[in-house]
Amino acid sequence: PACRGIARRQAMAARLKRCVVRRRDGPEQHGVAASCLRELRDKACGVLAIDKAREPITLVLAEDGTIVDDEDYFLCLPANTKFVALAKDEKWSGKSSDSGTSWLSEAVDEVDSAAEKWKQLARQLKGDLSNIILMSEEDLQALIDVPRSDLAEELAQSETKTQVLQDTLQQVLDRREEERQSRQLLELYLEALKTEDSVLSKVAEPQAAPRKEMDVVDTGSSSTGTPAKTALSDQILAAVREKPAPELCLDSQDLELVLKEDRAALASALGWDKQKAGALQAACDQELSKRLQQVQTLHSLRSTSKGKKTLPWGDWPSSKRKK
């Protein structure tokens, strides 16, 4: 009898799906195991302490707000799928709802592993290929490095079309690197001109009196001497400090964060003056506007292309750019 009881429990466990649930505005996540949607709803109400008066709840995918009310669809979802539980009269809302990227799925954060990260990125592309434009260089490289067969399986596409996609991702990455190199050459040229002008001015004015006072650099500190604090992550700050033309390597949500950051706090966190921090924000603003314009153009083309819901996979270039 004991053996039969163990076998019965093992059979039940095999039918259970591991899920992660949270409230719409709550940061706390809870892991639950359920064999069906009804069981998941009941357990979510319990662990999230949702009042009976606010039931029935609606379960949506945390990544894009898709309502999950079909049993077969629920069974097809992978283990550890994240759900948001919406009580009665609540509506799902993604991050940055007041920005131009509100139609994007939520940022890929708190990822358990690199494998889980590329799968979430792949799901973004499965929903809309124009998300390529808004990805960071790190995200683009992660999808390029995935074995073609694995990516094809995740996207439910043939390996031929998946190769076309990875070629396209490489092209986008190459263009950003070329743009970065062009900007660096321009900066070197302008710096050389500035140095030449400085040398000529010193030769023309040998008797000029030396400056008696050092320039005071505005580090963004407040008048009380307490440095302003930034809400940007260490990863974003590191990319901004270390990368030439950092606006090219950030994804669009990170660009928005830099753009919305208080200039004094940004300057203080980076150890820059306000002028340099302002130049960074201007570059981020320009890059974000360019990407959103490209996305809008693609969406306009898509809307006139016989009512297709997604950009046609076959229309993307099929060969890598020559370097």
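Residues numbered from 1 in each chain as written. Predicted model: local features only at pLDDT ≥ 70, side-chain atom pairs only at ≥ 80, totals over all residues. Heavy atoms only, no water.

**Let's talk about the confidence of the model for the protein chain**
Inference 1: Summing up the model confidence of the protein chain, the mean pLDDT is 77 and the portion of residues at 70 or higher is 73%.
Inference 2: Taking the mean pLDDT of every element in the protein chain, the minimum, 56, falls on helix H1 (residues 2-15) and the maximum, 92, on strand S3 (residues 58-61).
Inference 3: When the criterion is pLDDT under 50, residues 96-111 qualifies, and its contacts beyond four places in sequence or with other chains add up to 42 contacts. (pLDDT = per-residue confidence, 0-100. Helix = DSSP H or I, 4+ residues; strand = E, 2+ residues; numbered from the N terminus. Contact = heavy atoms within 4.5 Å.)

**Here's the deal with the sheet that holds strand S1 (residues 17-23)**
Inference 1: An order of S2-S1-S4-S3 is seen for the 4 strands of this open sheet, with the pairing classed as mixed. The open sheet is flanked by strand S2 (30-34) and S3, the only strands paired with a single partner. When strand polarity is set aside, the average angle formed by the axes of neighbouring strands in this sheet is 40 degrees.
Inference 2: With 4 bridges joining them, S3 and strand S4 (residues 81-86) adopt antiparallel strand pairing. Counted as the bridge partner of Thr 58 is Leu 86 from S4.
Inference 3: Against the sheet, helix H2 (residues 37-47) engages S1, S2, S3 and S4, with an angle of about 150 degrees to S2. (Pairing = 2+ DSSP bridges. Axes fitted to C-alpha atoms, helices over the stretch in contact; angles between N-to-C directions.)

**Quick look at helix H9 (residues 252-260)**
Inference 1: Inspection of H9 places Ser 252, Gln 253, Asp 254, Leu 255, Glu 256 and Val 258 among the buried residues, and these make up the whole buried set.
Inference 2: Among the residues of H9, the N-terminal cap falls to Asp 251, whose side-chain oxygen and the backbone nitrogen of Gln 253 are separated by 3.2 Å. (Buried < 20%, exposed > 50% of the residue type's maximum accessible area, 1.4 Å probe, protein only. Polar contact = N/O pair within 3.5 Å; in protein donor to acceptor, adjacent residues only side chain to side chain.)

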